[in-house]
Amino acid sequence: MKTLVWAEIVKLMKQSKTYYALGAVFLIECLIFITAYYQGSAILDVLLDSLKQSFYFEGTLLNGNLILYIVLNGLWFNVPLIIMIITSGILTDEYKDGTIQTTLLQAVDKGSFIGAKYVVAIGFTLFVIAFMMVSSGILAYTIFGKGDLVVYLQTLNFFPAADAFQRIGWAFASGAVAMLFYSVVSMTLAVWIKEAAKTWIASALFLIITNLLLKLDLGIAIANHFFFPKLMDTWQAFFYHEIDWGLVWLNNTILLGYGVCLIGLGVWTFRKQDIG
Amino acid sequence: MLLGEKLSKTYSSGNVLDNVTVQIVPGQIYGLLGRNGAGKSTLFKILCGLIKPDTGTVSVQAARAKSIGAIIEKPGLYPYLNAADNLRIFAGIQGLSQDKGHMTQHLMKVGLPIDRKDPVRNFSMGMKQRLGIAIALLNDPEYLVLDEPFNGLDPIGVASLIQLIQQLAFTDRIGILLSSHLMVELTKCCHYLYVIDEGKMVNAGFTHQLIQDHIQRFSIAADNIAAAQAIQAYQPVIGMNDVKITCPASQITTVLQQLMAEGIRITACTPELTLEQLIKQPRA
């Protein structure tokens, strides 16, 4: 298994599309930064005009923390799409190039082969989230500096700069769980569909439907807890004044459980499937 | 011994293999002849364990870690890696040594240049076939299965590949099964031929025996042959550089002796066996 994982990492690193994906994430960040720079200040002025007369805010409100919050909001559709394309490609490219046959004609176990692909997909997803957090953090704090964070979630929530930094860190960690779920979904779709373009379409469709269902209320509390689209924005819980840690852990555990089930299903299906 | 016994496979499109049996022995070269879509690739995939047969069994008696090496349909290579890196990946996943010396040795064995560092997407089909064989040979398999290995090769490439295949069978004692729809190439290098059509094994036998039993036409190249008396009884068809005659294999020696007696200098005599003959006339 270790040798298979290493081979997958080498293949991923040798492909130019991996770097295109990281470049795309960085480009999206930059575009969000530019938009935030030109529009953020004006929006904040309108939102907070009356409050500024009664309260004292440390530093400018258009600061690195707010920019990171905007990046967080902006990336939960674009980034999973990129992640799903790359992670599904880890398998669909093997079908396209015929290397899946060449690999399985060696002394290699089918289950270990697909297991290694899931491991690398998960590793790559975590790397992208870490890259996104570090690159956007460096850029945001360098360009916009630190300061208090103001967020509108049902009401205006204010967080001192140090507290905001911690909350953003936790939000990235929680968001990473959602991203892992998406990457596992795309890999499992690749196991079923095998063809790159069709897998991308199915992945994009899954992402769109998940986003559309995010706000759907099933009317039953327990059903809402287990309905996966409603678990995707758990990271927002860190921007309420009181963090509901119980909800955060429960949602992420359920989501991870779904991920593990999907991996099990993908490995089982792959082992049963004919190759070619 | 590699034995596929009474193998059958049906897809939604129809019956692809019907009760097919093949047997491969180390050190021998076997050919599988059949038209496109006859079921050759499906049979190979079943023998290699990539797909499961509906009925029948595959059994391999092999003492080595990897029993079968194969290329099926096309050599599956990572197009963005160079030849040595491709070998390294496939060696690594089996826990084999990936050092430069071993990789160079494998490349040289199949006649690939060791100084090419560019990605294999730039390689010719012949070079890809050779690299595919090098990968199939990793971990020292006892049997080698090559599906349409001559596809896309020029005559020099074909001759060179036949030489490599013979070397692997005779020197390394590997049992080799080749498929092709090209009669001439297979008859040149195989000890034994299987003929498959519409999923059924319609003919099988030692190559020389099949040729002897089925051959009815010969192409003879010689100076002034068109006027020779010896060929007149054999419906001669005069070509640009040869004459084609229709005669049973048992009589060709007599015809050639008569031609020489007439003072004709023969430069070549080639049997012309077609796939159709092998399909339509199974051996008794």
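Here the structure is a predicted model, which is why all the values come from computation and not from measurement. (Residues numbered from 1 in each chain as written. Chains lettered and ligands numbered in written order. Predicted model: local features only at pLDDT ≥ 70, side-chain atom pairs only at ≥ 80, totals over all residues. Heavy atoms only, no water.)

1. Observations regarding the layout of surface pockets
Here is step 1: What the largest pocket holds in volume is close to 630 Å³.
Here is step 2: Residue classes in the lining of the largest pocket are distributed as 14 nonpolar, eight polar and five charged. (1 Å grid on protein atoms, 1.4 Å probe; cavity = no way out; pocket = protein on both sides within 12 Å on 5 of 7 lines; lining within 4 Å. Points joined across faces, edges and corners; volume = space filled by probe spheres on them. Nonpolar A, V, L, I, M, F, W, Y, C, P; charged D, E, K, R; others polar.)

2. Structural notes on the packing of aromatic side chains
The relation between two aromatic rings is expressed through the spacing of the ring centres and the mutual angle of the planes.
Residue and element names in this part refer to chain A.
Here is step 1: Overall, the coordinates contain 20 aromatic pairs over all chains when judged by the stated rule.
Here is step 2: Aromatic pair tyrosine 69 and phenylalanine 239: ring centres 4.7 Å apart, planes at 70 degrees, arrangement edge-to-face. Taken as a pair, tyrosine 69 in helix α3 (residues 64–97) and phenylalanine 239 in the loop between α8 (221–226) and α9 (245–272) lie far apart in primary sequence, 170 residues in all.
Here is step 3: Three or more aromatic residues joined by ring pairs make a cluster, and in this case those are Phe181, Tyr182, Phe206 and Phe228.
Here is step 4: The ring centre of phenylalanine 270 lies 5.8 Å from the NZ or CZ of lysine 110, which sits over that ring.
Here is step 5: Residue placement shows lysine 146 over the ring face of tyrosine 141; its charged tip is 5.7 Å from the ring centre. (Phe/Tyr/Trp six-rings, centres within 6.5 Å; stacked < 30°, edge-to-face > 60°. Helix = DSSP H or I, 4+ residues; strand = E, 2+ residues; numbered from the N terminus. Lys NZ or Arg CZ within 6 Å of the ring centre and 35° of its normal.)

3. Description of the domain arrangement of chain B
All names here are of chain B.
Here is step 1: When the domains of chain B are assigned, the result is domain 1 (2–211) and domain 2 (215–280).
Here is step 2: The C-alpha-based centres of domain 1 and domain 2 are spaced at 35 Å.
Here is step 3: Taken together, the eleven residues of domain 1 in the interface contact eight residues of domain 2.
Here is step 4: Together, the buried faces of domain 1 and domain 2 total about 880 Å²; carbon and sulfur atoms form 71% of this surface.
Here is step 5: Summed over the three residues of domain 1 that lose the most area to domain 2, namely Arg35, Met183 and Ile211, the buried surface amounts to 54% of that side.
Here is step 6: Linking domain 1 with domain 2 are zero salt bridges.
Here is step 7: Counting across the interface, domain 1 meets domain 2 through two residue pairs in polar contact (both at pLDDT 80 or more).
Here is step 8: For the side of domain 1 that touches domain 2, the secondary-structure elements that each account for two or more residues are β8 (192–197), β9 (200–206) and α7 (207–214). (Domains from an automatic or database assignment. Contact = heavy atoms within 4.5 Å. Buried area = accessible area lost by both parts, 1.4 Å probe. Salt bridge = Lys/Arg side-chain N within 4 Å of Asp/Glu carboxyl O. Polar contact = N/O pair within 3.5 Å; in protein donor to acceptor, adjacent residues only side chain to side chain.)

4. Regarding the interface of chain A and chain B
Here is step 1: Facing 26 residues of chain A, the contacting portion of chain B comprises 27 residues.
Here is step 2: In this assembly, chain A packs against chain B so that about 2200 Å² is buried in total across both faces, 57% of it on carbon and sulfur atoms.
Here is step 3: Together, Leu105(A), Gln106(A) and Asp274(A) form the three largest contributors to the area buried by chain A at its contact with chain B, with a combined 27%.
Here is step 4: For the pair chain A and chain B, the number of links is two salt bridges.
Here is step 5: Our enumeration of links across chain A and chain B arrives at twelve residue pairs in polar contact (both at pLDDT 80 or more).

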